[in-house]
Amino acid sequence: MNKARKIITLCLTISLIVFCVAFSYAAPEQPVSEQGNSASEEELQHIAELSSDKYNHLLQVWSKDLNYASDTDANFPDFYGGSSTGDNNDMIIYVTRLDQDVIDYFGNIIDLNHVQFSKVTNSYQELLNTQEAIDFYIDSCEDKEICSAITGTGISEDNNAVNIYISSNAPSGLTDVILEKISHVNDTCEIRFITLDLTFGSSDDTNNSLDFEANDAILDLDRIDIPSPFMVSGVIVQPGCPISPRVSSDPPNVPNFSAGFWAKNSKGEPGIVTTFHGSSHKGQPVYAYTFDWANKVYFGDTIVEVFNSSVDAAFVRQQDFRFNPITYVDGWDFNLKSQTIEMRKGEMVYKKGAESGVTRGIVLDTHFNASSSGDTNLRDAVLVNCEAEPNDSGGIVAGGGTTSSRYVAGILSGGGFAAKEDDPSTKIPVMYYSRASSILNALDLELY
């Protein structure tokens, strides 16, 4: 009897060992977040901060330029498939193979708490290469029907696919034609078609015709009292404030813009970063306004302007030194860190512009390339489901950090409307911004 018990006990022990070994081997294939669904807002915010820091640290390790983290100009591991934000703000890392060597590789660079791994087919570099090939086809496309229908391209890390954005006016069946046309440049990556209309903001007519759905994250611009040393004739040159090269004698169609962030050039001269969308305002004076556009004060002159494939920005050098640099973003009640940040899909960004004020939204695409049929032809922009208006161009976009202090992500470049992923019949407001790291590098500036 005792011998039988020993045999049964031994069998149960062996079975338990085999089960544990099998579970340990399978666990990496089905990673589970350590954070449950009951996490508080403070805990979720903390996890989001950690995940953002981990992602930017990885990019810093891989980036070719040691001064800036980059998710484009970098030496990515051949097994890396991208990253996004998961449930409870966990960091998801996509990999083409999932074994202990890969997990150890990342574990030697970042803390793997609140990090999940997911296996995909194509590497991140393969997605970038496919997008580049499709962009080349679009730029050289002679078929006007196709060219006018494509509004951009991008990358979807969580779907391990390349996005092709098309106009809502595209003729039926055009997607099949596009797939056939690009078949010679892509035979491995999945292609997703998403409806996107670029409008650089929204007019009333556009809102009505596109069944506009307002972003529920729009906040009132409750401005606090800022000390008088920062104010000149009621004007404060702060992130998101109204600026314009326009004077009273200009025609009414001269556009207005928003200030982005304070910076210094290589001579240490302060000024603000904004955009004029390549309107050739170099050397011209720029005025800062009150938010109601009632009062204006001369601020400085545009000394450098870049409008190329990856940068849409200008630097306005300060001439009126009654203004003091401000990194505080009222309406949001946080300060800007003197560091840039690269955002992941699924992360929250915070925008402030002269017209729509403060709005926020989730990153949809970190590699949005507006096509030549679009308004700016900007490359490597970041697309966000966030409302923006034409006069918001140049306004500040921030992210990461804490509720009281956030990193500079970029400046607003344009906007429009896109189809909601889970309900294509509904259009949501979107905006896209030019990255701060690319701007500082191109304009030879540093953050204030």
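Residues numbered from 1 in each chain as written. Predicted model: local features only at pLDDT ≥ 70, side-chain atom pairs only at ≥ 80, totals over all residues. Heavy atoms only, no water.

K.L.:
Explain the nonpolar core to me, please; I cannot follow it from the model alone.
P.N.:
Within soluble globular proteins, side chains that are nonpolar tend to cluster in buried spots. The biggest cluster of nonpolar side chains holds 39 residues, and the ones touching the most others in it are Ile93 and Phe106. The leading source of residues in this core is helix α4 (residues 124-139), at six residues. Phe106 has contacts with Leu58, Trp62, Phe79, Tyr80, Ile93, Val95, Leu112 and Phe117, leaving out every residue within four places of it along the chain. Grouped together as the second largest cluster of nonpolar side chains are 24 residues, Tyr68, Val311, Ala313 and Val408 included. (Core = buried A, V, L, I, M, F, W, Y, C linked by side-chain atoms within 4.5 Å. Buried < 20%, exposed > 50% of the residue type's maximum accessible area, 1.4 Å probe, protein only. Helix = DSSP H or I, 4+ residues; strand = E, 2+ residues; numbered from the N terminus. Contact = heavy atoms within 4.5 Å.)

K.L.:
Explain the packing of aromatic side chains to me, please; I cannot follow it from the model alone.
P.N.:
What describes a pair of aromatic rings is the distance from one ring centre to the other and the angle between the planes of the rings. Within the structure shown, the criterion is met by 21 aromatic pairs. Look at Tyr287 and Tyr298: their rings are 6.1 Å apart centre to centre, the planes differ by 65°, and that puts the pair in the edge-to-face class. With Tyr287 in strand β13 (residues 285-289) and Tyr298 in strand β14 (residues 296-307), this pair connects stretches of sequence that are 11 residues apart. Here the aromatic cluster, defined as three or more aromatic residues joined through ring pairs, consists of Trp62, Phe76, Phe79, Tyr80, Tyr105, Phe106, Phe117 and Tyr124. (Phe/Tyr/Trp six-rings, centres within 6.5 Å; stacked < 30°, edge-to-face > 60°.)

K.L.:
For this particular structure, what's the right way to read the sheet that holds strand β2 (residues 91-95)?
P.N.:
Strand pairing in a sheet relies on backbone hydrogen bonds. The paired strands run either parallel or antiparallel. Strand order in this open sheet of three strands is β1-β2-β3, and the pairing throughout is mixed. Edge positions in the sheet fall to β1 (80-85) and β3 (115-119), since each of these pairs with one other strand and no more. Adjacent strand axes in the sheet meet at a mean angle of 25°, parallel and antiparallel pairs treated alike. Relative to β3, β2 runs parallel, the two sharing five bridges. Bridging from a neighbouring strand, Ile93 pairs with Phe117 of β3. Sitting on the sheet, helix α2 (residues 41-62) is in contact with β1, β2 and β3, with an inclination near 40° to β2. (Pairing = 2+ DSSP bridges. Axes fitted to C-alpha atoms, helices over the stretch in contact; angles between N-to-C directions.)

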